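Listed below, chain by chain, are the residues.
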Amino acid sequence: MRTQRSREVAPPLPWGGRGSGSTGLSPGSDSDGSPGVGGLDGGLWGSLQGVLSRYWSLESLHSTTAMVTPEGTPEQVGLGGQAGSEEDAYEGLRGSGPRCGHSGGAGEQLAINELISDGAVVYAEALWDHVTMDDQELGFKAGDVVEVVDASSREWWWGRILDSEGWFPACFVRLRVNQDEPVDEDPEREAGRAGMVGLLGPGLASRDQMRANVVNEIMSTERDYIKHLKDICEGYIKQCRKRTDMFTEEELHAIFGNIEEIYRFQKVFLQGLETKFCKEQPHLSEIGCCFLEHQMDFQIYSEYCNNHPNACLQLANLMKINKYIFFFEACRLLQKMIDISLDGFLLTPVQKICKYPLQLAELLKYTNPQHRDYKDVEAALNAMKNVARLINERKRRLENIDKIAQWQSSIEDWEGEDVLGRSSELIFSGELTRISRLQAKNQLRMFFLFDHQMIYCKKDLLRRDILYYKGRVDMDHMEVLDVEDGRDRDFGMSVRNALKLRPTAASPTREEVLLCAKKPEQKQRWLRAFQDERSQVQHDLETGFSITDGQRKQAMLNACKIHPTGKPKALSRSYYDFLSRQRPPGLAPAPPLHPALPPQQVFMLAEPKRKASTFWQNIGRLTPFRK
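Residues numbered from 1 in each chain as written. Predicted model: local features only at pLDDT ≥ 70, side-chain atom pairs only at ≥ 80, totals over all residues. Heavy atoms only, no water.

Student: Help me understand the pairing of strand β8 (residues 426-436) in this model?
Tutor: Side-chain direction in a regular strand flips from residue to residue, so the side chains alternate between the two faces of the sheet. Relative to strand β9 (residues 441-450), β8 runs antiparallel, the two being bridged by 10 bridges. Note that in β9 the partner of Arg434 across the bridge is Gln443. In terms of strand pairing, β8 meets strand β16 (residues 513-516) through four bridges, oriented antiparallel. Counterpart to Arg434 in the pairing with β16 is Leu515. (Pairing = 2+ DSSP bridges. Helix = DSSP H or I, 4+ residues; strand = E, 2+ residues; numbered from the N terminus.)

Structure representation (structure tokens):
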């Protein structure tokens, strides 16, 4: 028994998060498809062909946007006036005509449900994982094919995968451009597919028609996407820049990221697609080379995707103030944009970069190996998969810098520059014995290998979870040597499970260091870690990955506010300062360390109560000789 879903769901971000709220898209936003099933009358087939052959998403809704009526003359209501006029502008625009909306959403849903009620099978492909513990919902992974059984709801559809059925968010899937699943056992459905082939037109093979459908979809979505980006840049950003009393350039960059740069790139990319598009015979188009030519340019999406969660937070804070709500709504109405909130518009570049691999995979599926575009499409698919992988990897790296900053804040007696000054990835960590000829003694230290450098610390004698900074090694000017067990000539001692750090010719220091592990397996793991560190540095150099000064400063600022979870924080230095500030009897007490707290309370905050240690008494009992 089905229980109708009513809650709204925001599409997930490619790294597993979600947008700040529902985008208000129609069911199957991000969807596209044209039915590959027959058994329909010509009128229904024609209407549905127009519905499913184009990209059904935020981008395509511009073609069905209701226009603001001329009577309201919205251009006369400016957005550049004094603060406080936004509400009047907003009300004037709302009263000038119908609210911009998706006029064809209900009709499209009706067409899909008519298809399903006539016995046709409609398939959708999952864009993202849908993980659920609800037995009424259908879980799936990205790439799974879902049979749509009921699409009467705007937000939730009922679907089937093998023997499992349930509700799933419509915005998590895209309708297939070509509904061509493998041969079905059902004779009626088989006859329907045979009837579809007859509708494809004389002289055009079904495979070519299916390829033409995908090419047309790619072209139409690109044109709609350009219109969408233009609306954001001219409808929102341009108007925001006029209101210097409401927005600074830093705030605009925090909200919109580098979307203007994306807009400029996408216009160039579309021009390249148009030159390769064959309008009369779309299946002959050779567009794969366009993706290959611009594969490095697509990496600008990385910055946008990384900034998007912060943009949602910044926008959510502004939307708590009425004048910003009125202002953004007036911007949307003046630009005659569809009825979707700004955070919904800002989500589409994130969705767009995730769709390219899906579109190219479908294009490759219907491209004959003898087609002149086959090799380019195949290479383009791999290239765009790498772009998506790189964006996700950069997102993960940027999330790691907050953890690294928190780790540094827990280290006592830190010296020198912050670890984020040169590094952004922890490669490996563990205990090693450090042997230096200058110090002439063995030291057990905790080592943390980052890209470009290695930090080593000393554990507290009693509280082993407290670390004290002891030094660092510049891995860019150091070579790692595998040392055989036995006597080392340079150090004049016998070693086991050792490796040697030797400075290069360009290194400012000439000190060699031996690092000894407890077991041979640990030594081999460290040797692999040092190789991984060099590979990571080379990969970052090739891909141009780096973290900005602003990201470093923000991570360190966050680390000061949020203590690391799990292990307790190291003792505050204020406790030791407090002990040193005690006065002998008869002298005036030292001023409190915290102006709002007495010295006794500072002591309680800095040092938790502990039982008196019996360590030395126990040692005394075990001593075999006494004076």
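Student: What is the right way to look at the sheet that holds strand β12 (residues 478-483) in this model?
Tutor: The pairing of strands in a sheet comes from backbone hydrogen bonds and takes either a parallel or an antiparallel form. Overall, antiparallel pairing links the seven strands, which are arranged β11-β10-β9-β8-β16-β15-β12 in an open sheet. Looking at which strands have only one partner, the edges of the open sheet turn out to be β11 (467-474) and β12. In this sheet, adjacent strand axes meet at a mean angle of 35 degrees when their direction is disregarded. By the bridge criterion, seven bridges tie strand β10 (residues 453-459) to β11 in an arrangement that is antiparallel. Along β11, the bridge assignment pairs Tyr456 with Gly471. Across the sheet, helix α13 (residues 520-543) lies against β8, β9, β10, β12 and β15 (498-503), angled at about 120 degrees from β8, the strand it touches most. (Axes fitted to C-alpha atoms, helices over the stretch in contact; angles between N-to-C directions. Contact = heavy atoms within 4.5 Å.)

Student: Can you walk me through the pairing of strand β5 (residues 156-161) in this structure?
Tutor: The element β5 is extensively covered by neighbouring structure, given that five of its six residues are classed as buried. For strand β4 (residues 145-150) and β5, the ladder comprises three bridges, and the chain directions are antiparallel. Each residue of the ladder has a partner; that of Glu147, found in β5, is Arg160. Counted along the chain from β4 to the antiparallel partner β5, the turn is five residues long. The pairing of β5 with strand β6 (residues 164-169) spans six bridges and is classified as antiparallel. (Buried < 20%, exposed > 50% of the residue type's maximum accessible area, 1.4 Å probe, protein only.)

Student: Please explain the layout of surface pockets as it appears in this structure.
Tutor: In this approach a probe as big as a water molecule rolls over the atoms, and the regions it shows empty are the leftover space. Quantified by volume, the largest pocket comes out at close to 1100 Å³. Along its surface, the largest pocket is lined by 33 residues, and Asn306, Asn307, Asn310, Leu398 and Gln551 are the ones closest to its centre. Breaking the lining of the largest pocket down by element, the ones donating at least two residues are α6 (249-256), α9 (300-318), α12 (374-409) and α14 (549-561). Among the elements that take part in the lining of the largest pocket, α9 stands out by supplying 10 residues, more than any other. Residue composition of the lining of the largest pocket, grouped by class: nine nonpolar, 17 polar and seven charged. (1 Å grid on protein atoms, 1.4 Å probe; cavity = no way out; pocket = protein on both sides within 12 Å on 5 of 7 lines; lining within 4 Å. Points joined across faces, edges and corners; volume = space filled by probe spheres on them. Nonpolar A, V, L, I, M, F, W, Y, C, P; charged D, E, K, R; others polar.)

Student: Help me out: how do you make sense of the environment of Ala142 in this one?
Tutor: Within the element layout of this structure, Ala142 appears in the loop between β3 (122-126) and β4. For Ala142, a relative accessible area of 46% gives the class partly exposed. Measuring from C-alpha to C-alpha, the distance between Ala142 and Phe172 comes to 8.8 Å, with 30 residues separating the pair along the chain. Among all residues touching Ala142, those that are not within four sequence positions of it are Ala126, Leu127, Trp128 and Asp129.

Student: Hey, could you run me through the packing of helix α5 (residues 206-242) against helix α7 (residues 259-276) in this one?
Tutor: A pair of packed helices is captured by two measures, namely the crossing angle of their axes and the spacing between those axes. The N-to-C vectors of α5 and α7 enclose an angle of 150 degrees; their axes lie 10 Å apart at closest approach. As summarised for this structure, α5 and α7 are arranged roughly antiparallel, according to the angle between their axes. Judged by the twist between their axes, the crossing of α5 over α7 is left-handed. Contact with α5, carried on its side by Met219, Glu222, Arg223, Tyr225, Ile226, Leu229, Lys230, Ile232, Cys233, Ile237 and Arg241, involves Ile259, Glu260, Ile262, Tyr263, Gln266, Lys267, Phe269, Leu270, Leu273 and Glu274 of α7 and no other residues of that element. Among the residues making up the contact of α5 with α7, the classes are represented as 13 nonpolar, one polar and seven charged. (Parallel < 35°, antiparallel > 145°, perpendicular 65-115°, else oblique. Left-handed = near helix turned anticlockwise from the far one by under 90°.)

Student: Hey, could you run me through helix α11 (residues 342-365) in this one?
Tutor: Structural remark: α-helix, 3.6 residues per turn; residues separated by three or four positions point the same way. Spanning 24 residues, α11 covers 36 Å between terminal C-alpha atoms, matching the ideal 34 Å at 1.5 Å per step. Of all the bends in α11, the largest measures some 30 degrees and sits at Lys355, one to four residues before the proline Pro357. (Expected span 1.5 Å × (residues − 1). Bend = angle between axes of the 7 residues up to and from the residue.)

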